[in-house]
Number of protein chains: 4
Amino acid sequence: MSLNTFGHLFRVTTWGESHGPALGATVDGCPPGIEITEAQLQHWLDMRKPGQNKYTTQRREADAVRILSGVFEGRTTGTPVQLMIENTDQRSKDYSEIAEKFRPGHADITYFQKYGLRDYRGGGRSSARETAARVAAGGLARAALAALVPGIDLRGYMVQMGPRKADRAQFDDAQIAANPFWCPDPQAAEEWAGYLDTLRKSGESVGAVIEVVARGVPAGLGAPVYGKLDTDLAAAMMSINAVKGVEIGDGMATAALTGTENADEITMSKDGPVYSSNHAGGILGGISSGQDIVVRFAVKPTSSIRTPRKTITVHGENTEIVTKGRHDPCVGIRAVPVGEAMMACVLLDHLLLHRGQVGDAGGRIGDTDRP
Amino acid sequence: MSLNTFGHLFRVTTWGESHGPALGATVDGCPPGIEITEAQLQHWLDMRKPGQNKYTTQRREADAVRILSGVFEGRTTGTPVQLMIENTDQRSKDYSEIAEKFRPGHADITYFQKYGLRDYRGGGRSSARETAARVAAGGLARAALAALVPGIDLRGYMVQMGPRKADRAQFDDAQIAANPFWCPDPQAAEEWAGYLDTLRKSGESVGAVIEVVARGVPAGLGAPVYGKLDTDLAAAMMSINAVKGVEIGDGMATAALTGTENADEITMSKDGPVYSSNHAGGILGGISSGQDIVVRFAVKPTSSIRTPRKTITVHGENTEIVTKGRHDPCVGIRAVPVGEAMMACVLLDHLLLHRGQVGDAGGRIGDTDRP
Amino acid sequence: MSLNTFGHLFRVTTWGESHGPALGATVDGCPPGIEITEAQLQHWLDMRKPGQNKYTTQRREADAVRILSGVFEGRTTGTPVQLMIENTDQRSKDYSEIAEKFRPGHADITYFQKYGLRDYRGGGRSSARETAARVAAGGLARAALAALVPGIDLRGYMVQMGPRKADRAQFDDAQIAANPFWCPDPQAAEEWAGYLDTLRKSGESVGAVIEVVARGVPAGLGAPVYGKLDTDLAAAMMSINAVKGVEIGDGMATAALTGTENADEITMSKDGPVYSSNHAGGILGGISSGQDIVVRFAVKPTSSIRTPRKTITVHGENTEIVTKGRHDPCVGIRAVPVGEAMMACVLLDHLLLHRGQVGDAGGRIGDTDRP
Amino acid sequence: MSLNTFGHLFRVTTWGESHGPALGATVDGCPPGIEITEAQLQHWLDMRKPGQNKYTTQRREADAVRILSGVFEGRTTGTPVQLMIENTDQRSKDYSEIAEKFRPGHADITYFQKYGLRDYRGGGRSSARETAARVAAGGLARAALAALVPGIDLRGYMVQMGPRKADRAQFDDAQIAANPFWCPDPQAAEEWAGYLDTLRKSGESVGAVIEVVARGVPAGLGAPVYGKLDTDLAAAMMSINAVKGVEIGDGMATAALTGTENADEITMSKDGPVYSSNHAGGILGGISSGQDIVVRFAVKPTSSIRTPRKTITVHGENTEIVTKGRHDPCVGIRAVPVGEAMMACVLLDHLLLHRGQVGDAGGRIGDTDRP
């Protein structure tokens, strides 16, 4: 993994700032022959696009993605796919104050400490806008996954907003797209609406927890130690701006379990192994088991808020800051399609890795003729 | 990051199984001129070594590390350092039953599904024994860090065993080495001793949460997106066997915070920026701020337990399994020095990366003469 | 090195085909604070641009490069720099015949064999047009090198066209830019002009040898084995389309030398070591010695010629082919700035790598106070 | 490619110096289920082993390879394979003079300039001894290739010693193993014997050219630009100690050809495409065509000679040096199995890469049912 790239064989490099001419993703290693159109990618970008309702930043970007290379007559050629999104609504003047002051909780100060200079307009690379490029790349990964693993299904949703958790007993996949929060619990969604409205009006922000589930993933993806499927999923999610924690399966809660409680018991069915539970989140020893892959991550609240906070200037003077720009009261909302995109990229990458190292030679349980 | 390697410039590849002739770490990219001896590395390995008290597996390994290359007259030469640990106490017969049966919650089944065969003795690469190689590599990383960043301090400790959390109000660094659990809260340590003894006698296991803190890390290490310092820390910790969740700073709890609560306010002191709190865990936008780096991870309970569990055989038959080998009731104990080692490797790697890309050109706050 | 990327820390990924909307280079890892403008990059692109005289393809491209990211107020920010060149003169109809037939000596057939489909317009990724992206990235590398190593000088020139070698006794750097062949021997240039004119009129093509020299490169860049400076230079040059051989220093001719002849004797001057000769091409054991770095590579003749050649169709039928498009009679001419660009990228990359691993700790000969 | 690693999916990291306790190769990414034994690897090492006749260094090493990991019950498990060779005949005292003096043409001076210190005994990593590790790794790659591509055949041989070229008209594969020079022209071998004997007695050395051919390589391996099969072959060969030039197919000589001469004409046979010639060396646009892969490289003469040469000391004093140790008069002889090993590793790596990205989806010429 290099500084702006992730993936081993399906490699995604994103580039661009929120206030330059454009941003995008350079995708290398995509299998050839995958059918893809700009419209297909646009579908996923539109899910992430800001300004769609009052709960996301009022910055309005068309977020129109263009395919500049690597696709010929509607199919990938196996060469790099360049996905570009032009920036249209930049309003740089909104950001004039933060050229001199560091926002507490924001990358302003560390960029300056590292590089000695920074593009202060809109947060540069740490802007949530960078994630548009991930969603575009993820759209391509989804198309390839669908072609290579028929029936695979990826789904992200919000399970907690601020201190308010959704109720798993009420989860209904059909509800996810029915509210602006991608929440599978309709009652929670309703409560969150009021809660977030109050926060938004006061210029406040709040964190969230997102869960992404992949169903129909074949067993055998991943590797035992540093190339663990969960290692790459953790890195992928933690690489999203504002993410501070990542969990696989039961995650941090596994610490409180005994070995007996944590064991997902196995029985054999005619379709293969069946598990009594999924504490492991579909990954054992870094390798997928065929169960649902379950990943969760926490998104911290945006640091651009209207509450005055103590800070310093680039010149080292003490001061206060209030951020007045157009920002998301709960940036976690827009992180849902981003988490899905990262899951898609990681799964495709590991599918290709597995095919490269092992081909069709993996083990089939109960196949007594195996060598 | 390749399958058994981590790091960009300071690259560690571990190799070996628990029941082969040896295991070790091939370390590439270490700075030249670092003073290192086998005795220095042994110090860290001895912390991790099993069989030291009744709370860890009774397998007794000398875990004696040898430096086979890359060191000349007591100093690194800049070429690959090979660190080898021979396996001495293998008792393969303990593992005969698991050649045919998959332990629930263990990598047995996924290794088979992926590779079509596996070294069933002792878990192969997913054995906790693999972490000895990490601790050796981490010892070298610590020596290099100490030479390059005088005053840097890394410290790991256990903050939760099973459902029992230590009390942060009671934390005392001096207590960490004074109990077998690396627990900074002496009263918690005492309670854990009784709790774990009961579990051990019944052949049960339990999970844990480990925290690792690095003090004195310079500002500016890391990068904005996929090369984020927290991305690499998350990957490093998640790559440890049995880890299911990783947190930076407040971690999953940031989801419940408002932007106002989460903002670590900044004021200027004569020694540089000072922060009112450290929700961020010392990392903003993927780059170190100069505050303490704080990482936490959850270790699940060992799946090798004496409670009978339903499972299947490699031939697809339903059966039960009871694991009778010598195992750790709380493998999290031995994960403490491993977490420290991974932190050391990641920090050194990012120090070299930063020096490579930026040299001494970073920003100094209040330096008005900067270009 | 991944499929469309080269470099370790200064990483260049090129993308795009000759007949898509655009092509470009995604450059990651550039040091921050480097002054760069589109005009500076354009200077190098204009050297490579086709259609400037009768000796290169009459395809006319503006080859105007745009900086889409990573530069703010005229300086690099340390984040990815996206360099895009739009395709303007495509005339796809010229290429209609080759959609069905494979040109002998061309990548047409192998692309089809590998991917099962190809963008047949203009050779896709194997078009010489891909090298425009390298020249743009090389321009950025040159700017960074100039800032970090004052006085460094890179120079490429043609030393052989077809069977006709230039005379080293006549070499004059001032002549290089004075003829359309970048030839330092003015008399050879004159002869080549007539020779190439004849070839061009008959629809024939011819090969060439290019030499690139870097002066003022500090000692210590490179590494002993796979990370050898010459390994990366060889890979960089061999990665250019149509290159079939690479030499460092005396290259293939070293085979004919004795150890006595090959030894570049060393004496000490007040400015450091001085060498009696430079058979080694400035690299010993994979590491720069401070002498001039000398690399040579052979470019084969373009396979797009008017002579009828036997070939087959995608359907497996025997046929003949004559290529009538606008092509270069000696594509080696345009390879000169490309070789320079690759040299610049490799040297900058190794400069950063060295700074990362070693910092300022290298050995100074005669410095008796060294530890 | 990192500093001591090569390969993308089949990754080989070598470690160790000629005078430490051991050296070896850490091989990651090998397909599982490959049958391999130490005896099989030893076969290839014995080909490279010094001290077998008067034409190679009289240093006598058993060069016994041990498999320390990654193989279980005679088959690879898919985890890292550690191949270790212990150093037994070190005689460090032979090298005492060169601790202070730099040998002209040797890496002594550049190691010092880079790292500030070096293991002066026997050249450290730049010793020809490092190549033993490559041969061991190559033996594993050969076994995997044989399993995955039945009928593949790799063959290296010497085509030039000093200024004396073998005669291609006399080439006979059966002769290669029949003389100490791996020369397919028996008469040349006889002449070389006398020539080298004279050089050896006078303490002189000489260069050589090695050619390696792979037959039966499937079409479609490689990638268009930086991941070109020839790029990786060039890097692999150039990474061998003392190599100064690499050629694919006609190599440097392609510069002198016209497009008409260089075109390998294609006709269709019932077994697929047939070519009239193989100027391209089996690679077009970076991708294998199914023809023989042909690579050549030049090995410079050893710099350890008995002729006195001017040099300087580490203290910067002018002096002379005569190297009296046991050295190879033509180190190129031992490079033959090394070249074969590198070819095997690169081909296996690209086979896995191709399988990863494309699977079985490549194009079949004449297959009219393709989509």
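Residues numbered from 1 in each chain as written. Chains lettered and ligands numbered in written order. Predicted model: local features only at pLDDT ≥ 70, side-chain atom pairs only at ≥ 80, totals over all residues. Heavy atoms only, no water.

**Regarding the sheet that holds strand 2 (residues 11–16) of chain D**
Residue and element names in this part refer to chain D. Note the cut-off: DSSP calls a pair of strands paired once it identifies at least 2 bridges connecting them. Put simply, DSSP H or I for four residues or longer makes a helix, DSSP E for two residues or longer makes a strand, and each gets a number counted from the N terminus. Contacts: residue pairs with any heavy atoms within 4.5 Å of one another. With axes taken as lines fitted to C-alpha atoms, and helix axes fitted only over the stretch in contact, angles between N-to-C directions fall between 0 and 180 degrees.
Reading across the sheet, the five strands line up as 1-2-3-7-4 and stay open at both edges, with antiparallel pairing between neighbours. The open sheet terminates on both sides in strands that have one partner only, identified here as strand 1 (5–6) and strand 4 (65–67). Bridge analysis of strand 1 against strand 2 gives two bridges, and the strand direction is antiparallel. Residue pairing in the sheet places Thr5 in a bridge with Thr13 of strand 2. Packing of helix 1 (residues 38–48) onto the sheet brings it into contact with strand 4 and strand 7 (81–86), and relative to strand 4 it is tilted by some 150 degrees. Sheet contacts for helix 3 (residues 130–148): strand 2, strand 3 (22–28), strand 4 and strand 7; angle to strand 3, the most-contacted strand, approximately 35 degrees.

**Looking at the relation of the copies chain C and chain D**
Put simply, the rule is: Least-squares superposition aligns the copies on the C-alpha atoms of those residues with pLDDT at or above 70 in both.
When chain C is fitted to chain D, the residual RMSD is 0.0 Å, and the transformation amounts to a turn of 180 degrees plus an axial shift of 0.0 Å. When the rotation and shift are considered jointly, the pair of chain copies conforms to a two-fold rotation axis. Interface overlap between copies: 100% of the residues of chain C at the interface are likewise at the interface in chain D, consistent with a symmetric, same-surface contact.

**A look at the sheet that holds strand 2 (residues 11–16) of chain C**
Residues and elements named next belong to chain C. An order of 1-2-3-7-4 is seen for the five strands of this open sheet, with the pairing classed as antiparallel. Each edge of the open sheet is held by one strand with a lone partner, namely strand 1 (5–6) and strand 4 (65–67). Taken together, the six bridges between strand 3 (residues 22–28) and strand 7 (residues 81–86) define a ladder with antiparallel strand orientation. Residue pairing in the sheet places Ala22 in a bridge with Glu86 of strand 7. Each of strand 2, strand 3, strand 4 and strand 7 touches helix 3 (residues 130–148); the most contacted strand, strand 3, lies at about 35 degrees to it.

**What about the interface of chain C and chain D?**
For an interface, size is often stated in terms of accessible area lost upon the parts coming together. Here is the rule: A quick way to say it: buried area is the sum, across both parts, of accessible area lost when two parts are put together, with a 1.4 Å probe. We define a salt bridge as a side-chain nitrogen of Lys or Arg found within 4 Å of a carboxyl oxygen belonging to Asp or Glu. Nitrogen and oxygen atoms within 3.5 Å of one another constitute a polar contact, given that in protein one can donate a hydrogen and the other can accept it, and given that sequence-neighbouring residues count only through two side-chain atoms. Asp, Glu, Lys and Arg are counted as charged, while Ala, Val, Leu, Ile, Met, Phe, Trp, Tyr, Cys and Pro are counted as nonpolar; the rest, among them Gly, fall into the polar class.
On the side of chain D, 116 residues touch chain C, which itself brings 116 residues to the contact. Summing the contributions of chain C and of chain D, the shared interface buries around 9,400 Å²; its carbon and sulfur component is 61%. Taken as a group, Lys114(C), Tyr226(C) and Lys244(C) account for 10% of the area that chain C buries against chain D, more than any other trio of residues on that side. Where chain C touches chain D, the interface holds two salt bridges. Linking Arg309(D) and Glu265(C) is a salt bridge whose minimum nitrogen-to-oxygen distance equals 3.6 Å. Our count for the contact surface shared by chain C and chain D stands at 57 residue pairs in polar contact (both at pLDDT 80 or more). Per-element accounting of the side of chain C that touches chain D gives the leading share, seven residues, to helix 2 (residues 108–115) of chain C. Within the side of chain C that touches chain D, the residues separate by chemical class into 55 nonpolar, 45 polar and 16 charged.

**Some points on the environment of Asp197(C)**
Residues and elements named next belong to chain C. Cut-off, in case you're wondering: Each residue is placed in one exposure class: buried if its accessible area under a 1.4 Å probe, protein chains only, is under 20% of its type's maximum, exposed if it is over 50%, and partly exposed if it falls in between.
Mapped onto the secondary structure, Asp197 falls in helix 4 (residues 186–201). Note on Asp197: relative accessible area 15%, which makes it buried. Between the alpha carbons of Asp197 and Tyr55 there is a distance of 7.4 Å; along the sequence they are 142 residues apart. Ignoring anything within four residues of it in the chain, the contact list for Asp197 reads Lys54 and Tyr55.

**As for the environment of Leu199(C)**
Residues and elements named next belong to chain C. In this fold, Leu199 is placed in helix 4. The spatial distance from the C-alpha of Leu199 to the C-alpha of Pro329 is 6.9 Å, given a sequence separation of 130 residues. Beyond its immediate sequence surroundings of up to four residues, Leu199 is in contact with Glu204 and Val206.

**So, the interface of chain A and chain D**
Taken together, the contact between chain A and chain D spans 17 residues of the former and 17 residues of the latter. Buried area between chain A and chain D, both sides added, is near 1,200 Å², and the carbon and sulfur share of it is 55%. Interface area lost by chain A to chain D is led by Arg355(A), Gly356(A) and Gln357(A), which between them contribute 42%. At the junction of chain A and chain D, the tally comes to zero salt bridges. Here chain A is connected to chain D by nine residue pairs in polar contact (both at pLDDT 80 or more).

**Some words on the pattern of salt bridges**
All names here are of chain A. Summed over all chains, the structure comprises 72 salt bridges over all chains. Here Arg200 ties to Asp197 by a salt bridge, and the two come within 2.9 Å at their closest N and O atoms. With a gap of three residues between them, Arg200 and Asp197 both fall in helix 4 (residues 186–201), about one helical turn apart. One network of salt bridges, with partners in common, ties together Asp153, Arg155, Asp173, Arg215 and Asp292.

**Digging into the confidence of the model for chain A**
A low pLDDT score tells you not to read the predicted coordinates there in detail. Going by this rule: Values of pLDDT, the confidence the predictor places in each residue, fall between 0 and 100.
Summary statistics for chain A give a mean pLDDT of 91 and a share of 94% for residues scoring 70 or more. The ipTM assigned to the predicted complex is 0.95, against a pTM of 0.96.

**Observations regarding the relation of the copies chain A and chain D**
For the pair chain A and chain D, the superposition axis carries a translation of 0.0 Å, the fit reaches an RMSD of 0.0 Å, and the rotation angle comes to 180 degrees. With an isologous cut-off of 70% or more, the 100% of interface residues of chain A that recur at the interface of chain D puts this contact in the isologous class.

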